[in-house]
Structures are given as C-alpha cells and as structure tokens.
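Residue-level structural notes
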Amino acid sequence: QVQLVESGGGLVQAGGSLRLSCAASGKIFSIAFMGWYRQAPGKQRELVAHATSGGDTKYADSVQGRFTISRDNAKNTVYLQMNSLKPEDTATYYCNAEGVRTGFSSFANDQWGQGTQVTVSS
C-alpha cells in the first residue's frame, strides 16, 4: 500500500515563506513523477510544480521564480519551497505521485496525499 503524507502548511504573512514536504511510504522502488497541485475553493485543481526522478522540473507561470521543487529519491520525498508568498497562493496543496514502481515490473495507481492547507494573509 503506497501512501503520501504532506506536511508544512500553515498560515503565513504575504512575502513570507513555507516549505512543504511529501513523503511516500510503502513498498516503493522508484517514483517517476512527483508534483504539487493546489486547489482553492470554487476553483479547479491546478499544477504548481512537477519533477521527474531525473531532475526535470516544470512550474506554473504563476509561481515561476518564487517556488522551487526538489526531490530526495532515496527518501521518496518531494519538497516545495515557497518564497515571496502572495494571498493568491492560498489553497489546499496536494502531493501527487505517478509511475510508482512497486516491483520489478509492477506499478501502483497514481497516488494523492490528503492535502495541506496554505493560507497567506494580506
């Protein structure tokens, strides 16, 4: 059973920083893609940042230059360093894992964490 657990959310003043962490647990050999999505009330979930096991990264235009995604493959953990936070960053942030290898040729279904709330005050 593969599970993702996020941590690091909270309330922060505009201009401040937060670092989110997501640890995958279970029988895991490797994870091809790990990323962060966010969803605000009444809005669709959107990709924030995404990283491959090889280090390729993608960012939403709205966070480019402010957020940094990183991975520790040995720990099956992904981080999201969020700097210069803005009120519009307020959302529930979800960790996602795709291509989770659980055996020599076996993969788990795409996994989602439970979400962690990030609130940025004006």
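Structure: see above.
Throughout what follows, the structure given in this document is the object of discussion. (Residues numbered from 1 in each chain as written. Predicted model: local features only at pLDDT ≥ 70, side-chain atom pairs only at ≥ 80, totals over all residues. Heavy atoms only, no water.)

Scanning all chains against the criterion turns up one disulfide. Paired by a disulfide, Cys-22 and Cys-95 hold their sulfur atoms 2.1 Å apart. The sign of the S-S torsion, about -85°, decides the handedness of the disulfide formed by Cys-22 and Cys-95: left-handed. Placement of the pair is Cys-22 in strand S3 (residues 18–25) and Cys-95 in strand S9 (residues 91–101), with a sequence separation of 73 residues. For Cys-95, a relative accessible area of 0% puts it in the buried group. (Disulfide = S-S within 2.5 Å. Helix = DSSP H or I, 4+ residues; strand = E, 2+ residues; numbered from the N terminus. Buried < 20%, exposed > 50% of the residue type's maximum accessible area, 1.4 Å probe, protein only.)

A few words now on the sheet that holds S3. Ordered by their spatial adjacency, four strands build an open sheet running S1-S3-S8-S7, and the pairing between neighbours is antiparallel. Among the strands making up the open sheet, the edge pair consists of strand S1 (3–7) and strand S7 (67–72). Strand-to-strand twist in this sheet, taken as the mean axis angle between neighbours without regard to direction, amounts to 15°. In the sheet, S3 pairs with strand S8 (residues 77–82) via six bridges, with the strands oriented antiparallel. Note on S8: the bridge partner recorded for Arg-19 is Gln-81. (Pairing = 2+ DSSP bridges. Axes fitted to C-alpha atoms, helices over the stretch in contact; angles between N-to-C directions.)

Turning next to the nonpolar core. Ranked by size, the top nonpolar core spans 32 residues in total, and within it Trp-36, Val-48, Phe-67, Ile-69, Leu-80, Met-82 and Tyr-93 carry the most contacts. Of all the secondary-structure elements, those providing two or more residues to this core are S3, strand S4 (30–39), strand S5 (46–52), S7, S8, S9 and strand S12 (116–121). Take this core: its biggest share by element is five residues, from S9. Those residues in contact with Met-82 that sit more than four places away from it in its chain are Gly-16, Ser-17, Leu-18, Leu-20, Arg-66, Phe-67, Tyr-93 and Val-118. (Core = buried A, V, L, I, M, F, W, Y, C linked by side-chain atoms within 4.5 Å. Contact = heavy atoms within 4.5 Å.)

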